[in-house]
Amino acid sequence: MGIKSTKARAILLGIAGSFFFAFTFILNRTMNLTGGYWMYSAILRYAFTLPILFALLVRGRQYLPVLRDIKAKAPQWIIWSTVGFGLFYLPLTMASLYAESWFVCAMWQVTIVAGVLLTPLFGKRVPIKNLACSCLIVLGIFIMQLPRLMSGDGGSLEAFLLILVGAFSYPLGNRKTMAFCDEGLSTIQRIFGMTLCSMPFWLACTVVAWGNAGLPSAGQCMQALAVAVFSGVIATVLFFKATDLVKNDPRTLAAVEATQCGEVIFTLLLAIVFLKDGAPGLAGWIGIGVIVAGMTLASLVRK
């Protein structure tokens, strides 16, 4: 497969993943609006994702190479899986308490900038053109927030600080595991390993959630199962596969990570249709346009 076709395939996979990731923001918001405890929204996603991934690997005992690699590098697996999944998703879920799903999704795009800025940690230079595109995306996020900032709405600031934690944790955990895990592991195997090794973190969160809210409702469990299928399995596999394809090319990797901007459009449309969320005002539309422009430019960047 040629370099251009590999890049195109990776970007298409990234966009497809962004569509399924959009259900995370919609369903998290729905669970909050129907009284579900926010921490369970995060816990249940990974609790349901783990057995689904295991079932996908049962044939041919494909889970055994993962377990062997975890046994050989247990501290690394546990630490970076907790960062990549735990410190990513728990703050993101809590942020949905403070704003509409499309607004949280738009702020989440700061993770694209985070991914670019993390490049030096892996011995490579920051791709300046991609960084410029990412800064354009951040400008779009700022424009979207202007009306709330001018009205003194503290909720958007709290949401942004929470999202900032997750925005750096997600690409950092993803890239660290790509760097140290056995290169023979497939994308699904790597996600299974990360999900398994994040379980101690989620068990600790379960103790806290149980003490604060008791057991989750059946309705919240069903919605969390949907998040697990759409986002925890389908979207994550698509996105991680896309990053695996171009992991040695920091420019293309940054472009693939920029495809997450597609979540903004998909989430906005789904929120208006299913949640009857209010459409963004003029500043919101301008901000979304700038974000999409940044994503488009990032996908066109050449060396």
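Bear in mind that the values here come from a model prediction, so they are computed numbers and not experimental data. (Residues numbered from 1 in each chain as written. Predicted model: local features only at pLDDT ≥ 70, side-chain atom pairs only at ≥ 80, totals over all residues. Heavy atoms only, no water.)

S.K.: Honestly, the overall build of the chain in this entry has me stumped. Any pointers?
M.R.: Secondary structure assignment for the chain yields 14 helices and zero strands. When the elements of the chain are put in sequence order from the N terminus, they spell out α-α-α-α-α-α-α-α-α-α-α-α-α-α. Rg of the C-alpha trace for the chain: 18 Å, near the compact-globule value of 19 Å for 303 residues, within the 12% margin. Considering the chain as a whole, with its 303 residues, one finds that 54% of them fall into the buried category. Considering only residue pairs separated by 6 or more positions, the chain has 88% of its internal contacts joining residues 24 or more positions apart. Averaging the coordinates of the 23 positive side-chain charges in the chain and doing the same for the 11 negative ones gives two points 10 Å apart. (Helix = DSSP H or I, 4+ residues; strand = E, 2+ residues; numbered from the N terminus. Rg over C-alpha atoms; globule rule 2.2 N^0.38 Å. Buried < 20%, exposed > 50% of the residue type's maximum accessible area, 1.4 Å probe, protein only. Contact = heavy atoms within 4.5 Å. Lys, Arg positive; Asp, Glu negative; His and termini not counted. Charge placed at Lys NZ, Arg CZ, Asp CG, Glu CD.)

S.K.: I keep staring at the packing of aromatic side chains and nothing clicks. Help me out?
M.R.: To describe a pair of aromatic rings, one takes the distance between the centres and the angle between the planes. By the definition in use, this model includes 24 aromatic pairs. When the ring of F20 is compared with that of F230, the centres are 6.2 Å apart and the planes differ by 20°; the resulting orientation is stacked. Placement of the pair is F20 in helix α1 (residues 3-33) and F230 in helix α11 (residues 218-245), with a sequence separation of 210 residues. Look at W77 and F180: their rings are 5.5 Å apart centre to centre, the planes differ by 90°, and that puts the pair in the edge-to-face class. Note that W77 is positioned in helix α4 (residues 74-95) and F180 in helix α8 (residues 154-180), a separation of 103 residues in sequence. Classification of W77 by relative accessible area gives buried; the value is 0%. Its relative accessible area of 12% is what places F180 among the buried residues. Each residue in the set F21, Y46, F85, F88, Y89, W108, Y170, F201, W202, F239 and F240 is aromatic and connected to the rest through ring pairs, giving one cluster. Lying across the ring of Y89, R45 places its NZ or CZ 4.3 Å from the centre. (Phe/Tyr/Trp six-rings, centres within 6.5 Å; stacked < 30°, edge-to-face > 60°. Lys NZ or Arg CZ within 6 Å of the ring centre and 35° of its normal.)

S.K.: Would you mind going over the side chain of T236 with me for this structure?
M.R.: Mapped onto the elements of the fold, T236 is located in helix α11. Residue T236 is classed as buried on the basis of its relative accessible area, which comes to 2%. Within the structure, T236 has its side chain in polar contact with the backbone oxygen of G232 (distance 3.4 Å). Residue contacts for T236: discarding those within four places in its chain leaves F21, R45, I191 and S231. (Polar contact = N/O pair within 3.5 Å; in protein donor to acceptor, adjacent residues only side chain to side chain.)

S.K.: In this structure, what is going on with the environment of T93? I would like to understand it.
M.R.: Looking at the secondary structure, you find T93 in helix α4. For the pair T93 and W38, spaced 55 residues apart in sequence, the C-alpha to C-alpha distance is 6.5 Å. If near-sequence neighbours (up to four positions away) are discounted, T93 is found in contact with N28, N32, W38, S41 and A42.

S.K.: What exactly am I supposed to notice about the packing of helix α6 (residues 110-117) against helix α12 (residues 250-258) here?
M.R.: The description of two helices packed together rests on the angle between their axes and the distance between the axes. Between α6 and α12, the shortest axis-to-axis distance is 9 Å and the interhelical angle comes to 165°. Classified by the interaxial angle, the pair formed by α6 and α12 is roughly antiparallel. Here α6 runs over α12; the crossing is right-handed. Residues I112, G115 and V116 of α6 touch α12, and the partners they reach there are A254, E257 and A258. (Axes fitted to C-alpha atoms, helices over the stretch in contact; angles between N-to-C directions. Parallel < 35°, antiparallel > 145°, perpendicular 65-115°, else oblique. Left-handed = near helix turned anticlockwise from the far one by under 90°.)

S.K.: Explain the side chain of N174 here, please?
M.R.: By the secondary structure assignment, N174 is in helix α8. Contacts of N174, omitting those with residues within four sequence positions, involve R190, M194, F239, F240 and T243.

S.K.: Any chance you could explain the pattern of salt bridges here in plain terms?
M.R.: Close approach of charged atoms allows side chains of opposite charge to pair. This model, assessed by the stated rule, comprises two salt bridges. Residue D69 pairs with K73 through a salt bridge whose shortest N-O separation is 3.0 Å. Judged by its relative accessible area of 8%, D69 is buried. Between R190 and D244 there is a salt bridge, with its nearest N and O atoms 3.2 Å apart. Taken together, the residues R190 in helix α9 (residues 187-197) and D244 in helix α11 connect sequence positions 54 residues apart. (Salt bridge = Lys/Arg side-chain N within 4 Å of Asp/Glu carboxyl O.)

S.K.: I tried to follow unusual backbone geometry on my own but got confused; where do I start?
M.R.: What is expected of a backbone is that most residues other than glycine have negative phi and most peptide bonds are trans. Even without being glycine, R61 reaches a positive phi, approximately 50°. Tracing the sequence through the fold places R61 in the loop between α2 (38-57) and α3 (63-72).

S.K.: So what exactly am I meant to see when it comes to helix α13 (residues 262-275) here?
M.R.: Since the α-helix packs 3.6 residues into each turn, any two residues three or four apart lie on the same face. Its 14 residues give α13 an end-to-end C-alpha distance of 19 Å, which sits within 8% of 20 Å, the value for a rise of 1.5 Å per residue. Just beyond α13, the residue with positive phi is K276, at close to 55°. (Expected span 1.5 Å × (residues − 1).)

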